[in-house]
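These are the residues of each chain, in order.
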Amino acid sequence: MRNVVIMGSGCAGNTAAIYAARANLKPLVISGHEAGGQLSLTTLVENFPGFPEGINGPDLIENMKRQAENFGAEYLHGAVVDTDFSTRPFRLDVDGEWIETRTVIIASGASARWLGLKNEQKLIGHGVSSCATCDGFFYRNKNIMVIGGGDSAMEEANFLTRFGRQVTLVHRREEFRASKIMLDRARHNPKIKFLTNTVVEDIYDAVNHLVTGVRLRNTRTGKSWEEEVDGFFVAIGHIPNTAVFKGQISTDPDGYILPQGGARTNIPGVFHAGDVQDRVYKQAITAAGAGCMAAIEAERYLEAEGH
Ligand SMILES: Cc1cc2nc3c(=O)[nH]c(=O)nc-3n(C[C@H](O)[C@H](O)[C@H](O)COP(=O)(O)OP(=O)(O)OC[C@H]3O[C@@H](n4cnc5c(N)ncnc54)[C@H](O)[C@@H]3O)c2cc1C
């Protein structure tokens with residue numbers, strides 16, 4: 001029987017593990033298929049406090065993990081594939097083996113949607129990004145491309161005009177899902193160029209590990225052409241990783257956990273941390289802060305129950 005099982009080994013899960021381990025709760029962290037979470041995909045992180053020169057994402061994550069392990073946290077490879085939160089103790093199926101626990105911290109994140117292009121994954125952190133707040137600063141006076149047609153694409157494009165020489169917004173349709181106010185703001189921004197009815201067919205240059213350009217195609221005329229690009233931002237949404245407890249933990253229509261005050265979910269003893277609940281900020285530091293909150297709440301919950 002575990003006191004605390006943490007689902008996910010990103011910033012939120014690792015920070016929850018540090019706090020829970022220092023509270024002597026011997027937490028078990030289930031790493032998930034993406035050990036280290038989203039930061040393990042990227043290169044330099046310049047906005048996590050405490051690192052004036054920046055730090056590589058995978059190093060930051062590895063440091064957090066070592067810090068948690070130093071205080072007694074355990075890590076288990078594998079993913080939670082099923083859950084039963086209907087009775088106590090809670091039960092989590094980790095690749096076929098059921099684990100029992102008094103509390104659960106869900107820190108399973110929200111995965112960015114990608115376009116699925118051949119070179120896209122290879123170039124993440126080398127010009128391909130899903131986060132303007134995180135990476136916009138690297139593209140001062142550069143050519144930036146944003147893909148998407150919703151509010152987040154408009155917001156990212158507007159934000160990126162603070163840095164880029166030009167921002168080209170590429171959308172596969174003529175009509176936009178974005179709200180009128182966001183669309184108007186982008187349309188009135190002289191630095192944003194719109195390319196509608198256009199899809200991206202390829203990103204270069206995977207061989208040299210750096211984004212230098214893209215091949216585009218107009219879906220109406222069939223014409224394809226190449227453009228020089230330095231920063232390629234995919235803004236087509238995120239998928240919260242909440243499928244394994246669907247119907248048990250309350251979520252909004254997009255699958256993000258609905259918070260019930262602090263780090264609480266609708267089930268007492270099950271807490272949330274990080275991007276799995278956060279559709280607004282989605283930063284390493286906010287996820288880490290949320291991990292801290294969830295661990296403190298789990299510790300107080302166990303204390304109140306006499307454990
Ligand atoms: C390319 C890129 C660059 C970024 N750069 C920055 C930056 O410079 N600065 C910044 O502040 N933020 C940055 N971010 C955002 C930041 O990475 C996220 O906000 C942060 O990682 C969220 O942490 P999290 O722990 O909530 O979720 P995640 O990091 O997404 O971690 C989720 C964890 O849950 C696990 N998991 C999922 N499903 C299951 C399951 N069923 N069972 C068990 N485990 C599961 C996954 O394997 C993973 O370990 C970047 C994101 C990306 C994609």
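In what follows, the accompanying structure is described.

Conventions adopted
Residues numbered from 1 in each chain as written. Predicted model: local features only at pLDDT ≥ 70, side-chain atom pairs only at ≥ 80, totals over all residues. Heavy atoms only, no water. Axes fitted to C-alpha atoms, helices over the stretch in contact; angles between N-to-C directions. Helix = DSSP H or I, 4+ residues; strand = E, 2+ residues; numbered from the N terminus. Parallel < 35°, antiparallel > 145°, perpendicular 65-115°, else oblique. Left-handed = near helix turned anticlockwise from the far one by under 90°. Contact = heavy atoms within 4.5 Å. Nonpolar A, V, L, I, M, F, W, Y, C, P; charged D, E, K, R; others polar. Near = heavy atom within 4 Å. Polar contact = N/O pair within 3.5 Å; in protein donor to acceptor, adjacent residues only side chain to side chain. Areas by Shrake-Rupley, 256 points an atom, 1.4 Å probe, with all protein chains shown as cover. Core = buried A, V, L, I, M, F, W, Y, C linked by side-chain atoms within 4.5 Å. Buried < 20%, exposed > 50% of the residue type's maximum accessible area, 1.4 Å probe, protein only. Pairing = 2+ DSSP bridges.

**Quick notes on the packing of helix 1 (residues 11–22) against helix 2 (residues 57–70)**
Alright, step 1. Packing of helix 1 against helix 2 brings their axes to within 8 Å, and their N-to-C directions diverge by 20 degrees. As the angle between them shows, helix 1 and helix 2 are arranged roughly parallel. For the pair helix 1 and helix 2, the sense of crossing is left-handed. Along its contact with helix 1, which presents Cys 11, Asn 14, Thr 15, Ala 17, Ile 18 and Ala 21, the element helix 2 presents Ile 61, Met 64, Lys 65, Gln 67 and Ala 68.
Alright, step 2. Looking at the contact of helix 1 with helix 2 residue by residue, the class counts come to 7 nonpolar, 3 polar and 1 charged.

**Some details on the site of the ligand**
Alright, step 1. Around the ligand lies a shell of 32 residues, among which Glu 34, Gln 38, Asn 47, Val 80 and Ala 284 are the nearest.
Alright, step 2. The separation between an oxygen atom of the ligand and a polar main-chain atom of Gly 37 is 3.5 Å.
Alright, step 3. In isolation the ligand has 1000 Å² of accessible area, and contact with the protein removes 95% of it.
Alright, step 4. For the shell around the ligand, the elements supplying multiple residues, two or more each, are helix 1 and helix 6 (284–304).
Alright, step 5. For the shell around the ligand, the per-class residue count stands at 13 nonpolar, 16 polar and 3 charged.

**With respect to the nonpolar core**
Alright, step 1. Residues Ile 6 and Ile 105 are the most contacted members of the largest nonpolar core, which totals 35 residues.
Alright, step 2. Contributing elements (two or more residues each) for this core: strand 1 (2–7), helix 1, helix 2 and helix 6.
Alright, step 3. In terms of residue count, the dominant contributor to this core is helix 6 (9 residues).
Alright, step 4. Not counting residues up to four positions away in its chain, the partners in contact with Ile 6 are Gly 13, Ala 16, Ala 17, Pro 27, Leu 28, Val 29, Ile 30, Ile 105 and Ala 107.
Alright, step 5. In terms of nonpolar packing, the next biggest core, distinct from the first, is built from 19 residues, Ala 132, Met 154, Leu 160 and Phe 233 among them.

**Some details on the sheet that holds strand 17 (residues 231–234)**
Alright, step 1. Taken in spatial order, the 5 strands of this open sheet run 10-17-11-12-13, and their pairing is parallel. Whereas interior strands pair on both sides, the edge strands pair on one side only; in this sheet they are strand 10 (128–129) and strand 13 (192–195).
Alright, step 2. Across 4 bridges, strand 12 (residues 166–170) lies against strand 13 in parallel orientation. Residue Val 167 lies in a different strand from strand 13, and its bridge partner there is Ile 192.
Alright, step 3. Against the sheet, helix 4 (residues 151–160) contacts strand 11 (143–147), strand 12, strand 13 and strand 17, and its axis sits at roughly 170 degrees relative to strand 11.

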